[in-house]
Amino acid sequence: EREYVAAIRNSADELAELSTTARETDRLVSRRPDESRGDLCATARDLVPADADVEVSLDLPAEAPLVTDWESLRQALATAIENAVTHAEASVSVTVEDTADGYVVRVSDDGPGIPDTEIASLDAETETPLQHSTGLDLWQLEWAITRLGGELSFDTTDGTTVRMRVPDRSGDDGGRG
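Values in this document were obtained by computation on a predicted structure and should not be read as measured data.

Rules behind the numbers
Sequence order as written defines the numbering, with residues in each chain counted from 1. Totals for whole chains, interfaces and linings use all residues, but because this is a predicted model, local features are given only for residues with pLDDT of at least 70 and pairs of side-chain atoms are given and counted only at 80 or more. The basis for every side-chain value is the complete set of heavy atoms in the structure, and neither hydrogens nor water enter the calculation. Helix numbers and strand numbers start at the N terminus; a helix is a DSSP run of H or I with at least 4 residues, a strand a run of E with at least 2. With a 1.4 Å probe rolled over the protein chains alone, any residue whose accessible area is under 20% of its type maximum counts as buried; one over 50% counts as exposed, and the rest are partly exposed. In this analysis, two residues are considered to be in contact whenever any of their non-hydrogen atoms come within 4.5 Å of each other. To measure how exposed things are, a 1.4 Å probe is used in the Shrake-Rupley method; for residues, cover is taken only from the protein chains shown. For two strands to be treated as a pair, DSSP must find at least two bridges joining them. For every element, the axis is a line fit to its C-alpha atoms; helices are fit only across the contacting stretch, and the angle between N-to-C directions ranges from 0 to 180 degrees.

1. Observations regarding the overall build of the protein
Summing up its helical and strand segments, the protein has five helices and seven strands in all. In sequence order, the secondary structure elements of the protein are arranged as α-β-α-β-β-α-β-β-α-α-β-β. Burial analysis of the protein (177 residues in total) assigns 39% to the buried set. Taking as baseline every contact in the protein between residues at least 6 positions apart, the subset at least 24 positions apart corresponds to 64%. Entry remark: accessible area of the protein is about 10,300 Å², with carbon and sulfur atoms responsible for 47%.

2. Some points on the sheet that holds strand 2 (residues 55-59)
Consider a sheet: its strands pair through backbone hydrogen bonds, and that pairing is either parallel or antiparallel. Reading across from one edge, 2-4-5-7-6 is the order of the five strands in this open sheet, with mixed pairing throughout. Each of the sheet's edge strands pairs with one partner strand only, and the pair in question is strand 2 and strand 6 (151-155). Across the sheet, the axes of successive neighbouring strands diverge by a mean angle of 15 degrees, strand direction being ignored. Relative to strand 4 (residues 91-99), strand 2 runs parallel, the two sharing five bridges. Paired with E55 across the two strands is S91, which belongs to strand 4. Against the sheet, helix 2 (residues 40-47) contacts strand 2, strand 4 and strand 5 (102-109), and its axis sits at roughly 170 degrees relative to strand 4.

So, in structure tokens, the structure goes:
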């Protein structure tokens with residue numbers, strides 16, 4: 001009986017975690033965006049867990065000023081960094097690069113890579129009984145970056161690299177100003 005109790009508890013814990021993520025995602029996508037100025041690099045530094053079991057390297061400029069919806073961006077960065085730290089074998093890297101209209105953030109890990117079926121569900125923008133993801137984290141990441149007017153892509157050639165293009169909303173034209 002103990003093996004059944006353990007399986008039921010694990011399933012209940014997974015369901016509770018999924019439910020929490022669903023509530024967070026619903027709140028995130030249903031609220032009105034609130035844009036303000038902040039520093040992308042400071043936010044990235046704050047989101048790296050101090051007690052990570054893997055080496056986390058940061059390749060960041062001194063600062064990266066940006067006008068954006070910080071709640072959505074924080075959620076996207078937190079999801080990418082947490083997943084990288086969780087699935088990495090030994091190392092994670094976070095980089096921020098300046099672009100003409102904002103920044104590109106890359107979060108890379110040396111883990112097994114996101115399964116193709118998970119990415120296929122995002123690419124198809126739907127799930128079916130035969131093609132579905134195992135959680136909401138990647139969907140939450142996708143919705144947050146889309147909400148920012150950015151772009152999200154994945155490279156799973158060697159581990160996983162999550163690439164997020166984040167536009168700067170300052171100025172009249174949505175670019176730097």
